[in-house]
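Summary of structural features
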Amino acid sequence: MNTLTVHKVIFRTDELFELQLERGTVQFEPGACVALFSNGTEWRPYSIAAGTGEGILRFLIRRVPDGKVSHWLAQRKPGDKVQASAPFGWFRPGRAVAGARSVFIATGTGIAPFLSYLRSNPQQVPELCLYGVRRQAEAFNLEELQRIENFYLALSQEEINDHFYGRVTGLLDQIPLADDIHYYLCGLDTMIDETSSWLENHGVAYTQIHREIFFYEDE
Ligand SMILES: Cc1cc2nc3c(=O)[nH]c(=O)nc-3n(C[C@H](O)[C@H](O)[C@H](O)COP(=O)(O)OP(=O)(O)OC[C@H]3O[C@@H](n4cnc5c(N)ncnc54)[C@H](O)[C@@H]3O)c2cc1C
């Protein structure tokens, strides 16, 4: 267990914020999660969004209505202490098979592990990155992501000329299909299920599809 100091809490919208914790001696690989504890014994897993070369740990968090841990984290101030587990997890964007190409697909805060990968490996660009949020204001680190040549933002509740209007699954036809591509899906369960089915129906092997579910839509 680590006791980490809050560096900053930056709100993007009323619900979405980036929690920055001083890293201390924590070592991690892109895609890793950390269990963050609120007062007492409640904890929830959160995916690290920082690059492995950074001195802080970044987390992109949605404050869930009546959510025990996300609400508590949203109220932290610089200098506060947060208890955190050692990093864990098996989701490793871009790393399933050495030399394989990657496609990243995220909804909401599910972009975090991909940002961690991109920040840690700036030379290794995915073939495609699809990112779905409700409104543009909810998109984390858009300028950084737009440096990826094949990057598409899907907005399900806002029409803006430059971006796709609809759920991210409306962009599945953009996905390149090949045996040497691995597909990494992170975020909402419905997006992950729909995308996995689409890929399998288009001949992609189950072993090429990697999934990390953050939220269940009926919650
Ligand atoms: C591997 C993994 C990684 C994760 N990484 C992240 C991350 O990087 N960022 C992040 O924000 N979350 C992440 N999560 C989700 C996170 O762990 C918590 O589930 C979330 O923050 C809610 O916890 P809570 O204690 O605030 O709410 P709880 O007290 O657990 O839930 C309160 C109520 O809110 C409902 N609820 C839960 N989620 C939602 C939702 N999305 N929308 C509406 N209602 C909801 C619950 O059903 C419950 O009724 C991750 C989950 C997993 C499994």
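Small disclaimer: the values here were computed from a predicted structure and weren't measured. (Residues numbered from 1 in each chain as written. Predicted model: local features only at pLDDT ≥ 70, side-chain atom pairs only at ≥ 80, totals over all residues.)

So, the overall build of the protein
- Helix and strand counts for the protein come out as four helices and twelve strands.
- Here the C-alpha atoms of the protein give a radius of gyration of 17 Å, agreeing with the 17 Å that 2.2 N^0.38 yields for 219 residues.
- Projected onto its principal axes, the C-alpha coordinates of the protein cover approximately 50 × 40 × 30 Å.
- The 219 residues of the protein split such that 37% are buried.
- Counted over contacts in the protein with a minimum sequence separation of 6, partners at least 24 positions apart contribute 63%. (Helix = DSSP H or I, 4+ residues; strand = E, 2+ residues; numbered from the N terminus. Rg over C-alpha atoms; globule rule 2.2 N^0.38 Å. Buried ≥ 20, exposed ≤ 12 C-beta atoms within 10 Å, placed from the backbone. Contact = placed C-beta atoms within 7 Å.)

What to know about the domain arrangement of the protein
- Annotation of the protein at the domain level lists domain 1 (2-84) and domain 2 (101-215).
- Between domain 1 and domain 2, the C-alpha centre-to-centre distance is 23 Å.
- Between domain 1 and domain 2, the residue contacts involve 16 residues of the former and 13 residues of the latter.
- For the side of domain 1 that touches domain 2, the element with the most residues is strand β5 (residues 56-62), which contributes four residues. (Domains from an automatic or database assignment.)

Considering the nonpolar core
- Ranked by internal contacts, the top residues of the largest apolar core, which has 54 residues, are Ile48, Phe59, Ile111, Phe114 and Tyr131.
- For Ile48, the contacting residues outside a window of four places in its chain are Phe28, Ala32, Val34, Leu57, Arg58, Phe59, Pro87, Ala112 and Ser116. (Core = buried A, V, L, I, M, F, W, Y, C linked by C-beta atoms within 7 Å.)

A few points about the sheet that holds strand β12 (residues 209-215)
- Reading across from one edge, β10-β9-β8-β7-β11-β12 is the order of the six strands in this open sheet, with parallel pairing throughout. Two strands close off the open sheet at either side, each with one partner strand: β10 (164-165) and β12.
- Here helix α4 (residues 189-201) sits on the sheet and contacts β7 (101-107), β8 (128-133), β11 (181-188) and β12; the angle it forms with β11, its principal contact strand, is near 155°. (Pairing = 2+ DSSP bridges. Axes fitted to C-alpha atoms, helices over the stretch in contact; angles between N-to-C directions.)

Considerations on the pairing of β8
- Summarising burial for β8: six of the six residues are buried, a large majority.
- Inspection of the sheet shows β7 paired to β8 by five bridges, in the parallel sense. Looking across to β8, one finds that Phe104 is bridged to Cys129.
- What joins β7 to β8 is helix α2 (residues 112-120), and the crossover it makes is right-handed.
- By the bridge criterion, five bridges tie β8 to strand β9 (residues 151-155) in an arrangement that is parallel. By the bridge assignment, Cys129 is partnered in β9 with Phe151. (Right-handed = clockwise from strand over helix to strand, strands pointing away.)

What about the pairing of β5?
- Within β5, five of the seven residues are buried, which leaves it mostly tucked inside the rest of the structure.
- Inspection of the sheet shows strand β2 (residues 16-22) paired to β5 by seven bridges, in the antiparallel sense. For Leu19, the partnering residue across the bridge sits in β5 and is Phe59.

Observations regarding α4
- Here α4 is 13 residues long and its end C-alpha atoms lie 18 Å apart, about the 18 Å a rise of 1.5 Å per residue gives.
- Among the residues making up α4, those that are buried are Met191, Ile192, Thr195 and Leu199. Take α4 and look down its axis: the buried residues cluster within an arc of 95°, on one side only. Exposed residues lying more than 90 degrees from the buried face of α4 are Ser197 and Asn201.
- Looking at the packing, one finds that the buried side of α4 touches β7, β8, β11 and β12.
- Of the residues one or two after α4, Gly203 is the one with positive phi, at around 90°. (Expected span 1.5 Å × (residues − 1). Arc of directions from axis to C-beta.)

Here's the deal with α2
- Buried residues dominate α2, accounting for eight of its nine residues.
- Along α2, the residues classified as buried are Ala112, Pro113, Phe114, Leu115, Ser116, Tyr117, Leu118 and Ser120.
- Taken together, the buried residues of α2 touch β4 (43-47), β5, β7, β8, β11 and β12.

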